[in-house]
Every structure is written in C-alpha cells, then in structure tokens.
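Here is how the chains run, residue by residue.
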Amino acid sequence: MEPLIRLADAALGYGKVRVLDGVTLEVYAGDYLGIVGPNGSGKTTLLKAILGLIRPLAGSVQIPSSEHIIGYIPQRDTLDTIFPLTVLDIVLMGLFDTLSPIGRPARRHIARAEQALEAAGIADLRDRHFGSLSGGQKQRTIIARALVADPKVLLLDEPTNGMDLPGETGILSLIRSLHDERNLTVLLVSHLLNTVINHARRIAFVANGRVETLDRSEVIASSKLSDIYGMDVEVTRHDHRYLVLPAANEGGQPA
Amino acid sequence: MTAEDFLMGLRLNALGIIGSVLVAATCAFLGVYVVLKRVVFVGVSLAQISSAGIALAFLVGPWLASVAHRTIHGAPPFSAIGICFEWLAVRPVVVSLVVTFGAVLLFARPPTGRALPREASIGIGYVLASALSLLFILKSAKGMEDVRELLDGSVVALGAADLWALGAVFAAVAAVHGLFYKQFLFVSFDAEMAASRGYAVARWEMLFFVTLGATIAVAIQKAGLLSVFAMMLLPAATGLVACRRMAGVFIVAVASAVVSAAVGFALALLWDLPVSPPTIGTSAVLLAGAYLVRAGR
C-alpha cells in the first residue's frame, strides 16, 4: 500500500536553521498517528512540512497532491474571538477554496456545513457567536470546518490543550469516532503523551532534532520512553487504559 | 448665522460634503479590518507617513514649479521634465502615494528573518514620519497654513475633478474588497489555515495594505490626518460594539461614518470650525450610543 504522506530523510527548518534532521515518516490510509514532543521540539515544524507550508531543506516530503485531502485543525487559541463570526460562518470557510475567486457560499454549501456541524456534534450551535463558545465547542467548530471539505486526513494541533477533563474526553472521543466510522486518517499533535497513548496506533516522538516513530505496543513495553524523556518513566494500566508516569521511588515520589 | 446662510453654505460646499462622506465611508470600511486585524498602529503610522509625503510635496512644490517654469519651454528632454515637474508641483498626493507605498512594502514583509519585531519598524516609521513632517513644514513656504491643511485637510476647497479622482480610487478599493471579501476575511481570521488551503497569504496581505495605503494617501490630502485616522477607528469600533455579524458591522461602520462626516461638516459650517473636530465628536457620540445599545440588550 502506498503511503498517503511520506517524509524520507528530510531536514526541516527555516532559512539555514535546521529544526529537525533525518526525518523519515510514512503515514498510511486509516492510520492514527500521535505526534508527541515537548514544547519547542519541532512538532509545529513537522506539521508545517506535512501541510506543505515549508519545503524540506534536504531529503523529500511527499504529501497528497489535492489540497482537500488534509483537513487541518489549528490550535483554537490562535483564532481571534473579536471577529463577529458565527459557527456557521467559520465552518463555511472550509469551503472557500472550492468556490470561484469571487463566488459566495450557496444553499448547497450551507447544507454541507450543517452536515459537518452534525458530525462534530454541534448542530445546535449553528448561529452562535464563536467568541461565546466554550473551549470544547470552539474545538468542535474548527473540526467541523475541516470536515466540511470531506478530507481523508485530519491533522490536529494540540486539540485538547488547556481543556478541562470533560472537554478533553469529549474531543478525543469525537476524533476516535471520526477515525473509526469514516476511516479518517488522524495525525494528532500533542505535547502530552497521555493525551494520545490510548488512541493512537503509532506515536512519533519529536525531540532533540529527531523524529522516532514507535508502535503503541513498543511504547508501552520498551524502555525507549525513558531514553526519549531522559528520565525514568513507567507505563501503568488501569481499567484498560494506559497512563504514563515518572517512575516512583520507594517513598512514592518521582525518582 | 441665519438658516438661509447655513443652507447657502451647504449648497456652496456640496462637493466638499460629498468628498468628506466618501473619505469617511471608505476609511470606515477598511477600518473594520484594521481593528479586527489588530493593526491600528499600522493605520496610524501609514497616515503619519502619508502626511510626511504631503509635507514633502509642500516643501518641494515651489522648487518643482520654479524648475518647470524655467524648462517647460526649452528643448527636449528639458521640456518633458518641465511638464512632469509642473504636473507634480500641484499634485502632492502623488508624492504621498509613493512614500506610503514604500512604507506598505516594508510593513507587509513576512515576519520571518526580521531583526526587529514588526511593531518596532512601524513605530520607527511613525516617529521618523512625524519628525520629517514637522521639518518639511517648518521649511516650507507657507508654514503654519500647511500645518492646518495637513491636520484638517482641504476638503472645503474640493473641486469636481478632485471628487472624481477620489471617487475613482475609492471605487477601485471597494471593488477589490467586494470581489475578494472571502479571501480577505479568511486570511485575516486564520492565516495558517488559509495557507494550508492554498491561499497565498502574503500576497493577500500585501493587497490589503496596498488598498489601505492608497486610501490613506488619497484621503489624507483632502480630509486631513485627524479625520482619516478617526474615520478608520471610531466607526469600525461603533460597528463592532453594535453588531454581532460581519455584514452588520460593515453596514453600521459605514453608516456611522457617513452620518459623522455629514453632521460634522454641517456643524463646522454652522460654528465656523475646522471640519475634523465636529466630525470626530459626532463619531464619538455614535460610538457612545452603540455602547448604550449593547448595554441595553
């Protein structure tokens, strides 16, 4: 099977500055890939390369030729709530590039936007002002904006950052169901391994200028995590879910 | 002033009133983006730089005219230079446009690889333009008269040709924004997502700032620095306070600007004042009204 996205020995960065080097990564249809790393590790650089916003400094990055295949879901905090836009206005933006340069959304586009709102579970918020929504509702709005273009891949940048537990659970469940029911390929960027370990099949660790991809079973079983984080780390299982914690000493304090 | 005198004044200044209204409406429309994009300081700086261009034109105007007078009847190519200088000497807006577009090119550069943050470049542009405006005006032939014209404009003296020129520039700006509304909105609201969908964000940003620069440069000579900046800020703020949809914000912003310009002009005639202060005062009252409407919801 041909990968949807392929990075081969790619060096990624800006100008002459290499942020990531030797990146080799393949993403296949139906994958659920977590991209995890500390703040400033280069996750956003990798994301920009996958979106085609930056070109590799060396090596190659092959991304789907059609712009509509990847549905990008940026961090919700980057969107300015001062704009007087409703949820529907924002979802319709996902169709702007399918209209002629001077075209306006028609009734059929609004119908598609309403379907996307339904899929994101916020059909009742259609006419609400974006700035009046909770964090979870805002995240669902920009997920709906990505869904309206009928993408094959969802690329989410820190979708649960700063959310409370119900909000985070709701968003991760939504992504999971979109992945399962629509066979959408998911690339989920997060700085928290616990956010993705119970959902992603594979995890790409971004740290120290490198990207290392492991299957979830490898992450859970191996001592690789301790190497990646530079500290003793253990993975515990509770109620069929995994939890990554710093290894504890005999007194129960982090070692 | 009797009512008859006042009505006569309105009739005599009909072109000026129309010009004020056109300037106010166009500035208010673009001002909505200026406020939403949080680039109010860019607007201030461009207005000041545009004023410096006008002040430079005031300074060099007599020299251009004198060179033109000496060369226009000479042999080519001196006669061509003379014609060109004679044309430039009475059109400060051309100098202003050149200077303003230069600033637009600098301000609209993408942020990567800059040694300074964009705000610092904008601030430096503002300070330099203010200092140069002062210097040019002090050294210009008319001095204080130019200061007043720079701040308050010369909309009272607007002729039919000036009005057509204003109208043509503003119609072009309105056409660009009317046709490409969704591109300007998308790029302003979420540049990263727009880029991921194939939009050339830097080019759309440049086009926005070119329309802003052209509007400011053309408007400032006629309406003055104070009115232009006020009309970019106050009506947009009124629209954003009063309305919750983009269309409503644009409509209220433009409508409040039109009312402010017309009422301001009438009050200036009535009380024999410069046009800017009553225009700005009316706009501020409308903004206060918008806050009351919002509080009453």
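Residues numbered from 1 in each chain as written. Chains lettered and ligands numbered in written order. Predicted model: local features only at pLDDT ≥ 70, side-chain atom pairs only at ≥ 80, totals over all residues. Heavy atoms only, no water.

### Remarks on unusual backbone geometry
Residue and element names in this part refer to chain A. To keep it simple, the criterion reads: Put simply, DSSP H or I for four residues or longer makes a helix, DSSP E for two residues or longer makes a strand, and each gets a number counted from the N terminus.
The backbone of asparagine 183 shows a phi angle near 55°, a positive value even though the residue is not glycine. Tracing the backbone shows asparagine 183 in the loop between helix H5 (165-182) and strand E7 (185-190). The phi torsion at asparagine 208 lies on the positive side, around 50°, for a residue other than glycine. By the element assignment, asparagine 208 lies in the loop between strand E8 (202-207) and strand E9 (210-215).

### Side note on a nonpolar patch on the surface
All names here are of chain B. Heads up, the rule is: For patches, a residue must show more than 30% relative accessible area and have no salt bridge; joins then use 9 Å for like charges and 5 Å for nonpolar side chains, namely Val, Leu, Ile, Met, Phe, Trp and Tyr. For the accessible areas, the method is Shrake-Rupley and the probe is 1.4 Å, while residue cover comes only from the protein chains on display. Salt bridges are defined as contacts in which a side-chain nitrogen from Lys or Arg sits within 4 Å of a carboxyl oxygen from Asp or Glu. Each residue's exposure class comes from its accessible area (1.4 Å probe, protein chains only) as a fraction of the maximum for that residue type: buried when under 20%, exposed when over 50%, partly exposed otherwise.
A grouping of Leu116, Ile124, Leu128, Leu132 and Leu135 is seen on the molecular surface, where their side chains present a nonpolar patch of about 440 Å² in accessible area. Relative to the helices and strands, leucine 132 is located in helix H6 (residues 118-139). You can call leucine 132 partly exposed: its relative accessible area is 37%.

### Some thoughts on the interface of chain B and chain A
This is how it is decided: The contact rule is simple, with two residues in contact once any of their heavy atoms fall within 4.5 Å. Buried area, as used here, totals the accessible surface that two parts lose on assembly, with accessibility defined by a 1.4 Å probe and the loss added over both.
Tallying the contact residues gives 26 residues for chain B and 30 residues for chain A. On the chain B side of the contact with chain A, Lys182, Phe189 and Arg197 of chain B bury the most area, a combined 32% of that side's loss. Across the chain B-chain A interface, the total number found is 4 salt bridges. Measuring nitrogen to oxygen at the nearest pair gives 2.5 Å for the salt bridge that ties arginine 145 of chain A to aspartate 190 of chain B. Of all the secondary structure elements, the ones that give two or more residues to the side of chain B that touches chain A are helix H8 (160-179), helix H9 (181-189), helix H10 (191-196) and helix H12 (246-271) of chain B.

### Looking at H12 of chain B
Note that an α-helix has 3.6 residues per turn; residues three or four places apart therefore point the same way. Inclusion rule: One fewer than the residue count of a helix, multiplied by 1.5 Å, yields its expected span.
With 26 residues, H12 of chain B extends 37 Å from end C-alpha to end C-alpha; this agrees with the ideal 38 Å at 1.5 Å per step. Of the residues one or two after H12 of chain B, aspartate 272 of chain B is the one with positive phi, at around 55°.

### Here's the deal with the pairing of E7 of chain A
Residues and elements named next belong to chain A. Under the convention used in this document: For two strands to be treated as a pair, DSSP must find no fewer than two bridges joining them.
In terms of burial, E7 is largely enclosed, as 6 of its 6 residues are buried. Judged by which residues are buried, E7 turns out to be covered on both faces: Thr185, Leu187 and Val189 on one side and Val186, Leu188 and Ser190 on the other are all buried. Sheet analysis places strand E3 (residues 32-36) next to E7, joined by 5 bridges and oriented parallel. Bridge pairing in E7 links leucine 33 to leucine 187.

### Observations concerning the side chain of threonine 215 of chain B
Following the sequence through the fold, threonine 215 of chain B ends up in helix H11 (residues 201-242). Each residue touching threonine 215 of chain B, except ones within four places of it in the same chain, is listed here: Thr26, Cys27, Leu30, Phe170 and Val173 of chain B.

### Concerning the pattern of salt bridges
Residues and elements named next belong to chain A. This structure, assessed with the given rule, holds 14 salt bridges over all chains. Of the charged contacts in the structure, one is a salt bridge between aspartate 239 and arginine 241, with a shortest N-O distance of 3.8 Å. The exposure class assigned to aspartate 239 is exposed, which follows from its relative accessible area of 53%.

### Some words on the packing of helix H2 (residues 14-36) of chain B against H8 of chain B
Residue and element names in this part refer to chain B. Our working rule: Fitted lines through C-alpha atoms give the axes, limited to the stretch in contact for helices. The angle between two N-to-C directions lies from 0 to 180 degrees. Relative orientations are named as follows: roughly parallel for angles under 35 degrees, roughly antiparallel for angles over 145 degrees, roughly perpendicular for angles from 65 to 115 degrees, and oblique for any other angle. Two helices that cross are described as forming a left-handed crossing if the nearer one is turned anticlockwise from the farther one by less than a right angle, and a right-handed crossing if clockwise. All amino acids are sorted into three groups, where Ala, Val, Leu, Ile, Met, Phe, Trp, Tyr, Cys and Pro are nonpolar, Asp, Glu, Lys and Arg are charged, and the leftover types, Gly among them, are polar.
In the contact formed by H2 and H8, the axes pass within 10 Å of each other and the chain directions differ by 20°. By the angle class used here, H2 and H8 are roughly parallel. Read as a crossing pair, H2 and H8 show a hand that is left-handed. Contact with H2, carried on its side by Leu15, Ile18, Gly19, Leu22, Val23, Thr26, Phe29, Leu30 and Tyr33, involves Ala160, Leu163, Leu166, Gly167, Phe170, Val173 and His177 of H8 and no other residues of that element. Each residue belonging to the contact of H2 with H8 can be placed in one class, and the counts come to 12 nonpolar, 4 polar and no charged.

### Overview of the packing of aromatic side chains
Filter applied, for reference: Pairing of aromatic side chains requires ring centres within 6.5 Å, counting the rings of Phe and Tyr and the six-membered ring of Trp. Pairs whose planes differ by under 30 degrees are stacked, by over 60 edge-to-face, and all others tilted. Whether a charge sits over a ring depends on NZ of Lys or CZ of Arg being within 6 Å of the ring centre and within 35 degrees of the ring normal.
Here the structure, examined in full by the defined rule, presents 15 aromatic pairs over all chains. Pairing phenylalanine 29 of chain B with tyrosine 33 of chain B gives two aromatic rings, centres 6.3 Å apart and planes at 70°, and the pair type is edge-to-face. One end of the pair, phenylalanine 29 of chain B, and the other, tyrosine 33 of chain B, are both in helix H2, 4 residues apart, so they sit about a helical turn from each other. When its relative accessible area of 0% is taken as the criterion, tyrosine 33 of chain B is described as buried. Ring centres 5.4 Å apart and planes at 75° place the aromatic pair phenylalanine 186 of chain B and tyrosine 199 of chain B in the edge-to-face group. You can see phenylalanine 186 of chain B sitting in helix H9 and its partner tyrosine 199 of chain B sitting in the loop between H10 and H11, a full 13 residues away along the chain. Given the relative accessible area of 1%, phenylalanine 186 of chain B is considered buried. A residue is classified by how much of its surface remains accessible, and tyrosine 199 of chain B, at 12% relative accessible area, is buried. Each member of the aromatic cluster is reached from another via a ring pair, and the members are Phe29, Tyr33, Phe180, Tyr181, Phe184, Trp204, Phe208, Phe209 and Phe250 of chain B. We note lysine 138 of chain A situated over the ring of phenylalanine 130 of chain A; from NZ or CZ to the ring centre the distance is 6.0 Å. One cation-aromatic arrangement involves lysine 37 of chain B over phenylalanine 208 of chain B; the distance from NZ or CZ to the ring centre is 5.0 Å.

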